[in-house]
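# Structural features, examined
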Amino acid sequence: MTAPWTFESGNFDFSQNVENILLRNELIDQYLTINQRDKKLFLVGPKGIGKTFLLSYKSYLFRKLHSTDVKFSPSKELTENLIVFFSQFSKEEIVKFQTPDIWENIWKFALLSVSCKTYGISIEEELGINNEDFSSVSSTLNFILSDRRNLVKTISTKLPKLISISRRIQSSVIIFIDGIDQAVDVLVDKNFYDYDTYSDIPLKVWSQIHVGVAKSIYDISQLNSHIKIYTTLRSEAFKLIPGGMSLNLEGFATNLNYSINELKTIFINNIIATDEKKLVNREAKDIVEKFLGYSEMPHPFVHQEKESSLDFILRHTLGRPREIVYLGNRLFYEKISKPDYKTIDEQERITDIRYFINEKSEEIIGNYLNEIIPSFDEEYLIKFLKKIQSNVFHHKILSVEERNFLGICYNTGLVGVINQKNDKNGNRIKVQYFKKAGDYLYHKLNYFPESEYYITHPILDCYFLKIFDLDFYNKKNIIGNNYEFKEIKYIYDYAISYSGLDRHVVEAVTLELKAKGLRIFYDKDFEKNLVGEDLIDYLHEVYKHSAKNVIVFLSSNYINTKWTSFEWSTIKQKLVNDYTSNFLKIVKIDSSKTPDIVETRAYIDGKCKTPQEIADLLN
């Protein structure tokens, strides 16, 4: 039996049974079916989706069934992990490698050379190339690219001859290549190529390398049906294949995609494969409770809401199997298998695991930021989160530059939107939607759709917790893809912020507002509720979350009072995160200066108006 919670493909021993932890669905079954009519040459998906694992397993099954009648490359490994020395390229040279044709021909030359060599055809003498190693794709590519001055001439003169030689292959030759993206990702490393100087040229080269390998493998399969080349491709690159060619290649591709239930199955399969003696609660009926010691957990911010413990774990990933299994691995080896964990009560376990998952999600998001093409700075992401201050926000608060960054976050799945759909009873409901990891085009990252609210992915909570401690989470909604989004409802129509020295004016206006049937938070009316409360926490909740609108009675007393300065700091936070349009109403009752943050906002001049007139203008 394969050990559970293995998340690095290189650690799998396929001679052991991997079916106990392998997720099977129609796409995967089709890909892993071994027969001569197999056309599924490309395994497509973002990083972490399980491409390397499935490619390796397919190679293992192929070799097990056809060890004598098929010639394989590599011969001693399941797959060849591509190694290309792009560091040899100067920044000026890389400019010459932007066109798709040059990469298609480079790949075709390399792959046909290895195919012939694997079959047993010595091509060196016929091509006039001596003392070169054509036994691997890596060595062949590096040979071709090492003579860049004569590359075009070499390809144009020798490729037609090589194509003719490859027609001599009359029995099955199969090549397995992995790691193309890792081999060429140096091109999109901003520390290696200066994007300010070279615009998006390295990005174009990165994309053409992937497009070139896909087109060349397809062409070779049409040229000689005895040659099959299986590889993994990043979904971000596969989307760049143009027009009619992409339609041709779709039939040769398996696009990996997992539903939430399939991701849960992966996690559960690993629990089932875990030694039962090491589980926390072997007697529990719920499989996740056996593993963690509990099956549900209250949400710390959304009052009176619970969620399954597995849903909580999955929400703090980007929906990729590697992350799911990685979290299970860390939970098992760092928490669950430790004797101390079994001795603490359920509430302590929940608290412990909640902080642990947030901590580990920081590692996941850190890796993801480097995977995005092109990667972006973590520092700017943190600056962006400091600006929005909450996991539910509106784009009106953002500058043009910040809106461009919002587009990047939306397209890479870090920020979601609110959509509408029918529930199972046919009622229209609002739901949260996040794009999947890898579901973007690098040259169209700035676009984002209009949405009533924008929401940040739970995987970013680890940053929020460092910046704002606990005061960032919307109190009405658990955030997660396809979760229902509940309307933000308010306890009060208006909350009043004022200096006690101005009570005579404020109370008269408040009475007029209450006469209109409005729900008002006026501290004098809540004296009994406030006894024993921490006023900073209580009033912060009122001004930021419980009141739809806030009325500030601005005066020199207000500006110079210590307590109202606290209230104003909370109101400023809500200004940054403007859930409602025009929520802040300012009534100036003397000639004091308006604070800078709202100096361009219209206000009510209360010096020359009656309480009724002020109330009429407010509502």
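Look a little higher up for the structure.
Heads up: these notes are all about the structure in this document. (Residues numbered from 1 in each chain as written. Predicted model: local features only at pLDDT ≥ 70, side-chain atom pairs only at ≥ 80, totals over all residues. Heavy atoms only, no water.)

Tracing the backbone through its elements, the reader meets Thr274 in the loop between α13 (260–273) and α14 (287–292). Residue class for Thr274 comes out buried when judged on its relative accessible area of 5%. A distance of 2.7 Å separates the side chain of Thr274 from the backbone oxygen of Asn270, its partner in a polar contact. With near-sequence residues (within four places) excluded, Thr274 lies in contact with Pro4, Trp5, Leu279 and Phe332. (Helix = DSSP H or I, 4+ residues; strand = E, 2+ residues; numbered from the N terminus. Buried < 20%, exposed > 50% of the residue type's maximum accessible area, 1.4 Å probe, protein only. Polar contact = N/O pair within 3.5 Å; in protein donor to acceptor, adjacent residues only side chain to side chain. Contact = heavy atoms within 4.5 Å.)

On to the sheet that holds strand β12 (residues 454–456). Pairing in this open sheet of four strands is antiparallel, and the strands run β9-β12-β10-β11 from one edge to the other. Strands at the two margins of the open sheet, each flanked by one partner only, are β9 (392–393) and β11 (428–433). The pairing of strand β10 (residues 415–422) with β12 spans three bridges and is antiparallel. If you follow Gly416 over to β12, its bridge partner there is Ile455. (Pairing = 2+ DSSP bridges.)

Applying the stated criterion across every chain, the model contains 37 aromatic pairs. Measuring from centroid to centroid gives 5.7 Å for Phe301 and Phe472, while their planes differ by 65°, and the two rings are edge-to-face. Taken together, the positions of Phe301 in the loop between β7 (296–298) and β8 (306–308) and Phe472 in the loop between α21 (461–468) and β13 (492–497) put the pair 171 residues apart, joining distant regions of the chain. Overall, the relative accessible area of 12% leaves Phe301 in the buried class. Of the aromatic side chains, those joined through ring pairs into one cluster are Tyr380, Phe384, Phe393, Phe405, Phe448 and Tyr454. (Phe/Tyr/Trp six-rings, centres within 6.5 Å; stacked < 30°, edge-to-face > 60°.)

Among soluble globular proteins, nonpolar side chains are generally buried collectively. Core analysis: the largest hydrophobic core is formed by 166 residues, its most contacted members being Phe42, Leu54, Trp103, Trp107, Phe291, Phe384 and Leu414. The leading source of residues in this core is helix α10 (residues 201–223), at 11 residues. Setting aside chain neighbours within four positions, we find Leu54 in contact with Leu22, Ile28, Tyr31, Leu32, Leu43, Leu256 and Tyr258. Of all hydrophobic cores here, the second largest spans 21 residues; its members include Ala547, Leu554, Leu575 and Leu584. (Core = buried A, V, L, I, M, F, W, Y, C linked by side-chain atoms within 4.5 Å.)

With six of six residues buried, strand β4 (residues 173–178) is to be regarded as a mostly interior element. Because side chains alternate across β4, one face comprises the buried residues Val173, Ile175 and Ile177, and the other comprises Ile174, Phe176 and Asp178, equally buried. Direction of pairing for strand β2 (residues 71–73) relative to β4: parallel, over a ladder of three bridges. Counterpart to Phe72 in the pairing with β4 is Ile174. Sheet analysis places strand β3 (residues 80–81) next to β4, joined by two bridges and oriented parallel. Each bridged residue has a counterpart across the sheet, and for Glu80 the counterpart in β4 is Ile177. Summarising the sheet, β4 and strand β5 (residues 227–234) pair through five bridges and their orientation is parallel. Among the inter-strand pairings, Val173 is bridged to a residue of β5, identified as Ile227.

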